[in-house]
Amino acid sequence: MSFTRFMAVAKKEIVQVLRDTRSLVIVLIMPVILVLLFGYGVNLDLKHLPIYAYDRDGSQQSQDLLKRFQASDYFEIVRLGNKYSDLTRAIDDGHAKMGLVIPWDFSQRLRDGRPTSVQALVDGTDDNTANVLIGYAQAVVQGYSSEIQLDWLRDRGQVAQPAPVTVETRTWYNENLESSAFIVPGVLALVMSVIGAFLTSLTIAREWERGTMEQLISTPVSPLEIMFGKLVPYFAIGMIDVIVCALIALYWFHVPFRGSFLTLLLSSAMFMIVVLSMGFFISVIAKNQLAASQLALLATFLPAFLLSGFLYAIEQMPVVLQWITRVLPARYYVSVLKKIFLKGSPAALLYADLVPLAIFTFVLALLATHSFHKRLT
Amino acid sequence: MLARLKQMLIKEFIQVFRDKRTRFLLFGPPIIQMVVFGYAATFEISHVATVVLDLDHSQESRELVSRFTSSPYFDVQHQLTHSRQVEDVIDRGKATVALQINPGFAENLRKGQTALLQVIVDATNSNTALIAAGYINQIALGFAKDYQQDQINRISPQLSERIPSVELQQRPWYNPDLRSRWFFVPGIVGSLTLVLVVNLTAFAVVREREIGTLEQIMVTPIRPAEFILGKTLPFYVIGLFDVSLIAIVGTLWFQVPFRGQVLVLFTGAILFLLCMLGVGLLISTVSATQQQALVTSFFFIMPAVTFSGFGFPISTMPQWLQYLTYASPLRYFLIVLRGTYLKGVGMDILWPQMLAMTGLGVGLLAAAVLRFRKAID
């Protein structure tokens, strides 16, 4: 491998990248946009859920209960209606997530010392929102019920104690349960798969598609020099993006950073080599840009998005899918990122991810160089 | 005009279906993605790895722990004996939840003082942490309720026969078992269609330009409008076919009910595809190379999917972002999809969505055509 020839190819590629200002700008601000997007847009912490109240009793007691709902941070009574069909409609068209129906004999039964119930009709389309709603609603109703019982006993000269079991939850690593702290580190993996695999797979496929690859082959440049020359500029862009992402995470979203910066750079460099190799490999197989882009989407972006633990917890996936994640480099990289940013794990725990990542880096880089060599001869 | 359009269409269809790889790419990846996505995307939690540190050793504390053991959401793996172990287990990622009951728990309960259940949650995945915390609260609440009931029974068996109580009767509509998959599968149909159609059409015009065949076409008697129609109609057909394919695979494979009218869904799909073709064409006309087109389309796809309410409720986003979601055609199509799949509602409820998509689609297509006219002049 000759350094001058490698530099010549790299220079050509850099000129090509720099000349295309729009792509360059997009590539550099994409990480910013992606980090902001996920930092703000991904949140499951539900508050002020719209509910529709249908109070058929209209008594002091039913008003008390509704007030408790109104006082909770989680609910907002958007309408007090008096028609069942309105309630159905409100849930159907999505204006209310829950309909609360208080029966007409609500206060009557409470005065008589009989059990009564409140109906909660919940829009179950979004199972998570529904679960959260039901949980909070139960807490409100139970608190009300328990108080009524204690009052009832007191009025009859009995003293009963409340049973105040308090749950004190401490959320480790992400103390304020900020979704941005959980999401933003993983965005790095996403950005790198886009830059690494998408862009590179296209640059080489483009040479094939336009027929300039044959010209390149006829020059004394060796396959290895072509490969390195083509990939180095993208490697540089990827690493710049990593640093940009990390800076936004730290200074805009105030995500904690508890590991070492060196580990971040090292693991990012390894993952960058992984995606670049995959992108290169894909472009060699696909040879046309449309096919290359679709393959890159399947092979790098989707795993990084879906199966890396970036958004969806791996432990909650079906077992077969969990096995598949073990052979995905993105999984290990995302795990390292979370350890560096949130956990500040000691080196011994980091190795569990860094070693597989290093193996993938080596194997994929080897595979990429090998594949290209064969095609040329 | 029709004759020229026909020739153009024949050329386009041949071009798309000529290549074996492209043929596969039109139908293979959407199905693979549907299945992987369907399995991976879930916010449901079950069998969360849990450890218990019971320092009270009372009947009450054991009763509380047994409620966690029998819950499907938690998998109590082992009992710890020392508080130091908690840190180790969570740090190593062996458990996500640690429950700690300190000495004096039962004592406090009997006195009616606050009895603490300490919970430590690994919040690196803040979603899992949030949902798990919700279930922990529900279990603790249930325990407190039953404890109070027992107490009342002890104090005065006669009174406990005649005491008021309120219960919440929850009825989740549309998705009675609150399955995550029922929520996600209709959403995946929309998102995959978006990715596929935008990518394909974004490449359509720019590819001809990059290879240099656009000039050749422009010197033929074909008019710009015919050219655009010829370019988009095939993708419209392919898009409609893909929507149906993805929807059928998703429905049958994941057993999601379809309660509405197929015609309503189809109308939604036709309008949605109009928007997607507009976006794709617009990208294609403002891009000089396929690489640019890909990067630009990515720039559209990511926000459009994230802000559509596909996975994360729009109501939890910052207000300014919520306004932005109105610009995403997918937002409307998702309401149509979930409305027809789960809610079984018809045009009387969904017309605002249809109207919004028609407006966006016409606007986008008009912009694309204008932009294209300018580009070839």
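Residues numbered from 1 in each chain as written. Chains lettered and ligands numbered in written order. Predicted model: local features only at pLDDT ≥ 70, side-chain atom pairs only at ≥ 80, totals over all residues.

Observations regarding the overall build of chain B
Then, in step 1: For chain B, the count of helices and strands is 15 helices and five strands.
Then, in step 2: The C-alpha radius of gyration computed for chain B amounts to 29 Å, which surpasses the reference 21 Å derived for 377 residues by more than 25%, pointing to a less compact arrangement than a globule.
Then, in step 3: With the C-alpha coordinates aligned to their principal axes, the bounding extent of chain B is approximately 95 × 45 × 40 Å.
Then, in step 4: Burial status across chain B gives 48% buried among its 377 residues.
Then, in step 5: Contacts in chain B between residues at least 24 apart in sequence constitute 80% of all its contacts with a sequence separation of at least 6. (Helix = DSSP H or I, 4+ residues; strand = E, 2+ residues; numbered from the N terminus. Rg over C-alpha atoms; globule rule 2.2 N^0.38 Å. Buried ≥ 20, exposed ≤ 12 C-beta atoms within 10 Å, placed from the backbone. Contact = placed C-beta atoms within 7 Å.)

So, the interface of chain A and chain B
By a widespread convention, an interface's size corresponds to the accessible area lost as its parts come together.
Then, in step 1: Counting residues at the interface gives 104 residues for chain A, matched by 101 residues for chain B.
Then, in step 2: At 20 residues, helix α6 (residues 127-155) of chain A tops the list of elements feeding residues into the side of chain A that touches chain B.
Then, in step 3: Both strand β4 (residues 115-123) of chain A and strand β5 (residues 165-173) of chain B contribute to a ladder of nine bridges, which runs parallel. Residue pairing for β5 of chain B: P115 of chain A is matched across the bridge by S165 of chain B. (Pairing = 2+ DSSP bridges.)

Quick word on the sheet that holds strand β4 (residues 115-122) of chain B
Then, in step 1: Taken in spatial order, the five strands line up as β5(A)-β4(B)-β3(B)-β1(B)-β2(B) in an open sheet, and their pairing is mixed. Both outer strands of the open sheet, β5 (165-172) of chain A together with β2 (74-80) of chain B, are each paired with one neighbouring strand and no more. Taken over all neighbouring pairs, the strand axes of this sheet differ in orientation by 25° on average, direction set aside.
Then, in step 2: Across four bridges, the pairing between strand β3 (residues 97-101) of chain B and β4 of chain B is antiparallel. Bridge pairing links V97 of chain B to V121 of chain B in β4 of chain B.
Then, in step 3: Packing against the sheet, helix α3 (residues 59-69) of chain B makes contact with β1 (48-54), β2, β3 and β4 of chain B, and its axis sits at approximately 175° to β1 of chain B.
Then, in step 4: Strand contacts of helix α4 (residues 83-91) of chain B: β5 of chain A together with β1, β2, β3 and β4 of chain B, with the helix running at about 170° to β3 of chain B, the strand carrying the most contacts. (Axes fitted to C-alpha atoms, helices over the stretch in contact; angles between N-to-C directions.)

Observations concerning the environment of R62 of chain B
Residue and element names in this part refer to chain B.
Then, in step 1: Relative to the elements of secondary structure, R62 occurs in helix α3.
Then, in step 2: A count of 15 C-beta atoms within 10 Å places R62 in the partly exposed class.
Then, in step 3: Considering only alpha carbons, one finds R62 and G230, 168 residues apart in sequence, at a separation of 72 Å.

Concerning the domain arrangement of chain B
Then, in step 1: Split by domain assignment, chain B resolves into domain 1 (19-41 + 179-376) and domain 2 (48-161).
Then, in step 2: A C-alpha centroid distance of 47 Å is found between domain 1 of chain B and domain 2 of chain B. (Domains from an automatic or database assignment.)

Some words on the packing of helix α11 (residues 262-286) of chain B against helix α12 (residues 290-306) of chain B
Two packed helices can be described by the angle between their axes and the distance between those axes.
Residues and elements named next belong to chain B.
Then, in step 1: Running from N to C, α11 and α12 cross one another at 140°; their axes reach a closest spacing of 9 Å. As far as their axial angle goes, α12 and α11 are oblique. Note that α11 runs across α12; the crossing there is right-handed. Across from V279, I283 and S284 in α11, the residues of α12 making contact are A293, T296, S297 and F300. (Parallel < 35°, antiparallel > 145°, perpendicular 65-115°, else oblique. Left-handed = near helix turned anticlockwise from the far one by under 90°.)

Details of the sheet that holds strand β1 (residues 49-55) of chain A
Then, in step 1: Spatially, the five strands line up as an open sheet ordered β2(A)-β1(A)-β3(A)-β4(A)-β5(B), and their pairing is mixed. What marks the edges here is a single partner per strand, and that holds for β2 (75-81) of chain A together with β5 of chain B. Pairs of neighbouring strands in the sheet enclose a mean axial angle of 25°, with direction left out of account.
Then, in step 2: Here β1 of chain A runs beside strand β3 (residues 98-102) of chain A; their pairing, made up of five bridges, is parallel. Each residue of the ladder has a partner; that of A53 of chain A, found in β3 of chain A, is L100 of chain A.
Then, in step 3: Of the strands in this sheet, β1, β2 and β3 of chain A are in contact with helix α3 (residues 60-71) of chain A, which crosses β2 of chain A at around 140°.
Then, in step 4: Across the sheet, helix α4 (residues 84-92) of chain A lies against β1, β2, β3 and β4 of chain A together with β5 of chain B, angled at about 170° from β1 of chain A, the strand it touches most.

Some words on the nonpolar core
Then, in step 1: In terms of nonpolar packing, the biggest core is built from 230 residues, with L100, V187, A189 and V191 of chain A together with A98 of chain B touching the most fellow members.
Then, in step 2: Those residues within four positions of V191 of chain A in sequence are excluded, and the remaining contacts are M30, P31, L34, D241 and C245 of chain A. (Core = buried A, V, L, I, M, F, W, Y, C linked by C-beta atoms within 7 Å.)

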